[in-house]
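# Residue-level structure breakdown
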Amino acid sequence: MIPEYEIKVKSLQKALEILNCFAVKSSWGVTELSEYLGLNKSNVHNILTTFTAMEYLKQDPETGKYQLGMALYTLSHALGDELIIGNIAMPYMQELSDFSGERVYLGIPYKDEVIYISSTYPQESFYLMRTIAGERAKLYCTGIGKAMLAYLPEQLEFCLKEGLTAFTDYTITDPEKLREELALTRQRGYAVDNMEHEFGIKCVAMPIFNKQRKVEAAISVSGPSLRFEEARIEELAQALAKKVRKIEARL
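Now for a description of the structure that goes with this document.

Conventions used here
- Residues numbered from 1 in each chain as written.
- Predicted model: local features only at pLDDT ≥ 70, side-chain atom pairs only at ≥ 80, totals over all residues.
- Heavy atoms only, no water.
- Buried < 20%, exposed > 50% of the residue type's maximum accessible area, 1.4 Å probe, protein only.
- Helix = DSSP H or I, 4+ residues; strand = E, 2+ residues; numbered from the N terminus.
- Pairing = 2+ DSSP bridges.
- Core = buried A, V, L, I, M, F, W, Y, C linked by side-chain atoms within 4.5 Å.
- Contact = heavy atoms within 4.5 Å.
- Axes fitted to C-alpha atoms, helices over the stretch in contact; angles between N-to-C directions.
- Parallel < 35°, antiparallel > 145°, perpendicular 65-115°, else oblique.
- Left-handed = near helix turned anticlockwise from the far one by under 90°.
- Nonpolar A, V, L, I, M, F, W, Y, C, P; charged D, E, K, R; others polar.

### Structural notes on the pairing of strand β7 (residues 201-209)
Along β7, eight of the nine residues are buried, which leaves the element largely enclosed by surrounding structure. Bridge count between strand β6 (residues 191-194) and β7: four bridges; the pairing is antiparallel. When the sheet's bridge partners are listed, Asp193 is paired in β7 with Cys203. Here β6 hands over to β7 after six residues, with Met195 in that stretch at a positive phi of 60°. Taken together, the nine bridges between β7 and strand β8 (residues 215-224) define a ladder with antiparallel strand orientation. Across the sheet, Met206 pairs through a bridge with Ile219, a residue of β8. Counted between consecutive antiparallel strands, the loop separating β7 from β8 contains five residues, among which Arg213 sits at a positive phi close to 60°.

### Comments concerning the environment of Leu184
With respect to the helices, strands and loops of the structure, Leu184 is situated in helix α8 (residues 175-188). Residues Leu184 and Ala150 lie 34 residues apart in sequence; the distance between their C-alpha atoms is 8.9 Å.

### Looking at the nonpolar core
Taken as a class, soluble globular proteins show a tendency for nonpolar side chains to be buried jointly. Core analysis: the largest hydrophobic core is formed by 28 residues, its most contacted members being Leu106, Tyr190, Val204, Ile208, Ile219, Leu240 and Ile247. At the level of secondary structure, the elements contributing two or more residues to this core comprise α5 (85-100), β3 (103-110), β4 (113-120), β7, β8 and α9 (230-250). Not counting chain neighbours up to four residues away, the residues in contact with Leu240 comprise Leu96, Val204, Ala205, Met206, Ile219 and Val221. Listed in part, the 26 residues of the second largest apolar core include Ala150, Leu156, Leu164 and Val215.

### Observations regarding the packing of α5 against α9
The packing of two helices is summarised by the inter-axis angle and the distance between the axes. Across the interface, α5 lies against α9 with an axial gap of 10 Å and an inter-helix angle of 155°. In terms of axis orientation, α5 runs roughly antiparallel to α9. Crossing geometry of α5 relative to α9 is assigned as right-handed. Between α5 and α9, the contacting residues are Ile85, Ile88, Ala89, Tyr92, Glu95, Leu96, Phe99 and Ser100 on the first element and Arg232, Glu235, Leu236, Ala239, Leu240, Lys243, Lys246, Ile247 and Arg250 on the second. When grouped by side-chain class, the residues that make up the contact of α5 with α9 number 10 nonpolar, one polar and six charged.

### Re the sheet that holds β8
One open sheet holds the six strands; their spatial order is β5-β4-β3-β8-β7-β6, and the pairing between them is antiparallel. Taken across any chain shown, the strands that pair with only one partner, and hence form the sheet edges, are β5 (136-138) and β6. Pairwise comparison of adjacent strand axes, ignoring direction, gives a mean angle of 30° for this sheet. Here β3 pairs with β4 via seven bridges, running antiparallel.

Quick look at the structure:
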């Protein structure tokens, strides 16, 4: 079973909430953070000072504002070793983007969510590029999520326990219908997001297995629903399968 945890150190929770703010904006002042989080200004200052002393943050000598420090850079490299699949998958993702003319995403499972770790865009659409690394979405209503969830029974039960919230009129919120959808995903080898997370957007996704035949991640091709008719979905699924086999061979 997926373990459940409770927050026991409230002061640590506050400190990490402050650190998480730097994913929203790269530079913060003490007063800004205090007002944004509704925390006491002196407590915010003490936490920022401690993070700075440990090099998780650095302070601009001119503005007095704080930014992320080198200690986090070191940690990110340690995480990168665990997520080496991102480096392996990237060239194949770019090939898929250029072939399909669509966005391609790579994500990993965490509890009832998919965490996106990288994305690629068609060469002619680089102006549309945006950073998606670190963004999250629910497993049960995304192509990548369902592609993985079909092979993750513990995560499925966790999702059902947490509840299936509707994001669009197409979101599957009935547990039995979701089980049927995941059975169909296993049968055909790929998942389809039929505007279940974002209206007007469809995607085709396929799981990536490691050498132990456990789900490591999933990859998807995503775009406007009008371009994703049945024949197109099948074509993209075949293209996905070829790239996934190449990625798995290198894991």
